[in-house]
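# Coordinates in review
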Amino acid sequence: MISYDLIVIGGGPGGYVAAIRAAKDGKKTAIVEADQFGGTCLNRGCIPSKTLLKHAEVIEQIEKAKEWGIHTSETTFDVAKMIERKNNVISTLQQGIRSLLRAANVEVYHGFGKVYPKKRVVVEHKGTATELKAKNIIIATGSRPIVPDIPGLDSVSYHTTDTIFDLENIPESLVIIGGGVIGVEMAEIFSSLRTKVTVIERSERIIPMEDETAANALAKALKKKGVMFLFGHEVMEFERGRSGRTKVIVVNRDKERTTIETDEVLIAIGRQPNLDAIEHLNLTMNGPFIQVDDYLETSERGVFAVGDVIGNWQLAHVASCEGLTAVCNLNGSKQKMDYSVIPRCIYTSPQVACVGMTEEEMKKRKLKYKVHQFNFLANGMALANGETDGFAKIMIDETYGEILGVVMVGANVTEIIGQVSAFMYLEGTVDELATMVQPHPSRSEALMESANSLIGKGIHTVR
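Residues numbered from 1 in each chain as written. Predicted model: local features only at pLDDT ≥ 70, side-chain atom pairs only at ≥ 80, totals over all residues. Heavy atoms only, no water.

Between its first and last C-alpha, helix 3 (residues 46-65) extends 28 Å over 20 residues, near the 28 Å set by a 1.5 Å rise per residue. Residues of helix 3 that are buried include every one of Pro 48, Ser 49, Thr 51, Leu 52, Leu 53, His 55, Ala 56, Ile 59 and Ala 65, and no others. Residues of helix 3 that are buried sit in contact with helix 2 (39-44), helix 4 (79-103) and helix 5 (181-192). (Helix = DSSP H or I, 4+ residues; strand = E, 2+ residues; numbered from the N terminus. Expected span 1.5 Å × (residues − 1). Buried < 20%, exposed > 50% of the residue type's maximum accessible area, 1.4 Å probe, protein only. Contact = heavy atoms within 4.5 Å.)

Below, the structure written as structure tokens:
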């Protein structure tokens, strides 16, 4: 039995980052991965979706160029080439992770790892079992798509967020169950490929966990692209339709039934933690998730958990931060995990980027705050680029001017949100954001304009 200072179970963005940091800190480290390194984010989530979203953006730019006097022949799609590029991006990043692990002297075990009491790990691979032991363990086994128990679903063909990128042909129609982040990004991709997309959402708006103004702006933009939304609807049943198509039966709040016939169905209602690796441990749970303390330690001393298995924001950069925090605490509690400044991005067109609290959350907490929204219609760079949809919205504490939350909707705002995140992380105030010189022309000027308006010094804002 080989002993280690740390064994990491799972090679996603939480696990491999933790393993590399621990190894660089001088700890004898091993990582166990049953599939490909990079987890859901790299192989079936963030990276493939953003690669295809770039394709969607280019298609939109080609169409928009006609209004600017730039004409091309009819746009055609080579799906095989698109998928090939997506796979090449994934392969390049996978190879990069393997190289990083090798350079850090992290020992890699390919196979399915199970954790037993007394920090014993058994790795099963191709009929053989390898036993390992560690002083500390980090559980980073990620999540899998939730597949609802809906009558008829097992009798029809459907995709989850793990399989949708394997499509070999562009469907004429697609029904997406769920209007969260993944659902709207998939709607963006397929609508750009001329697919008739219908999104079914139980709540009254898309991205229900984010700012309502942002949700409304994004829904408006997607509707312009032909995406149909059924809000306040729930899927009741699936049936086989004609010629291999699927019938989706939905009901609204008044129990009125509607039947939609579609070529493909995507289930995108969320993800659940993958807990197979810890079935032999008696860990305290937080609902379906592993319960951890502020230092990411589970109820068993020396066993930590990070990423989707513990809930919170199920985002790759959050998992990586949790992994680094857990490594910091391996030899005793030192650093609490801080979720107060977490940028949250949606890579549609327009993009949505948020950090801090939403306005709805501030109202629930009965906080005294001020808010200002600067629309990109008045921004020089947005006008020059022909991308005027969206806004920058800043919310501050009424008394001290602390920045409590920022919402941005528009082109490239996912690259700008890091700037205001830095202000919040360093406890900057609205006065400092207002006096910081922004380049001109740039979209980031919208932040300066909103900040100045909040302190009564706005220049390009009409009251």
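Now, onward.
Bridge count for strand 10 (residues 196-201) against strand 11 (residues 228-231) is four bridges, and the pairing is parallel. Within strand 11, the position partnered with Glu 201 by the bridge is Phe 231. Regarding topology, helix 6 (residues 212-224) serves as the crossover connection from strand 10 to the parallel strand 11, and that connection is right-handed. (Pairing = 2+ DSSP bridges. Right-handed = clockwise from strand over helix to strand, strands pointing away.)

A word on the sheet that holds strand 12 (residues 234-240). The strands making up a sheet associate through hydrogen bonds between their backbones, and the pairing can be parallel or antiparallel. An order of 12-13-14 is seen for the three strands of this open sheet, with the pairing classed as antiparallel. On the outer flanks of this sheet lie strand 12 and strand 14 (257-262), each paired with one strand and no other. Ignoring strand direction, the axes of neighbouring strands in this sheet form an average angle of 25°. The pairing of strand 13 (residues 246-251) with strand 14 spans six bridges and is classified as antiparallel. (Axes fitted to C-alpha atoms, helices over the stretch in contact; angles between N-to-C directions.)

Counted by the stated rule, this structure contains two aromatic pairs. Relative to Phe 231, the ring of Phe 229 lies with its centre 5.3 Å away and its plane at 5°, an arrangement referred to as stacked. Owing to a relative accessible area of 11%, Phe 229 belongs among the buried residues under this scheme. When the ring centre of Tyr 116 is taken as reference, the NZ or CZ atom of Arg 120 above it lies at 4.6 Å. For the cation-ring pair, Arg 443 lies above Phe 376, with the distance from its terminal atom to the ring centre recorded as 4.7 Å. (Phe/Tyr/Trp six-rings, centres within 6.5 Å; stacked < 30°, edge-to-face > 60°. Lys NZ or Arg CZ within 6 Å of the ring centre and 35° of its normal.)

This part covers helix 6. Spanning 13 residues, helix 6 covers 19 Å between terminal C-alpha atoms, matching the ideal 18 Å at 1.5 Å per step. For helix 6, every residue scored as buried is listed here: Ala 214, Ala 215, Leu 218, Ala 219, Ala 221 and Leu 222. Buried residues of helix 6, seen end-on, are gathered within an arc of 165° and therefore sit on one face of the element. Residues of helix 6 that are exposed and angled more than 90 degrees away from the buried face: Lys 220 and Lys 224. Packed against the buried residues of helix 6 are helix 5, strand 11, strand 21 (351-356), strand 23 (391-397) and strand 24 (403-410). You can read the cap of helix 6 off the contacts: a side-chain oxygen lies 2.8 Å from the backbone nitrogen of Thr 213, and it is on Asp 211. Note on helix 6: the residue one or two positions beyond its end, Gly 226, has a positive phi of about 95°. (Arc of directions from axis to C-beta. Polar contact = N/O pair within 3.5 Å; in protein donor to acceptor, adjacent residues only side chain to side chain.)

Once that is clear, we can look at the environment of Ile 207. Relative to the helices and strands, Ile 207 resides in the loop between strand 10 and helix 6. Assessed through its relative accessible area of 3%, Ile 207 is described here as buried. The sequence separation of Ile 207 and Ala 384 amounts to 177 residues, and the corresponding C-alpha distance is 29 Å. Beyond its immediate chain neighbours, meaning those up to four positions away, Ile 207 contacts Gly 179, Gly 180, Val 181, Val 184, Ala 215, Leu 218 and Ile 346.

Glancing now at the pairing of strand 12. Note: strand 12 against strand 13, six bridges, orientation antiparallel. Note on strand 13: the bridge partner recorded for Arg 240 is Thr 246. Between strand 12 and the antiparallel strand that follows it, strand 13, lie five residues; Ser 243 among them carries a positive phi value of about 50°.

By themselves, these are just geometric observations and shouldn't be taken as functional.
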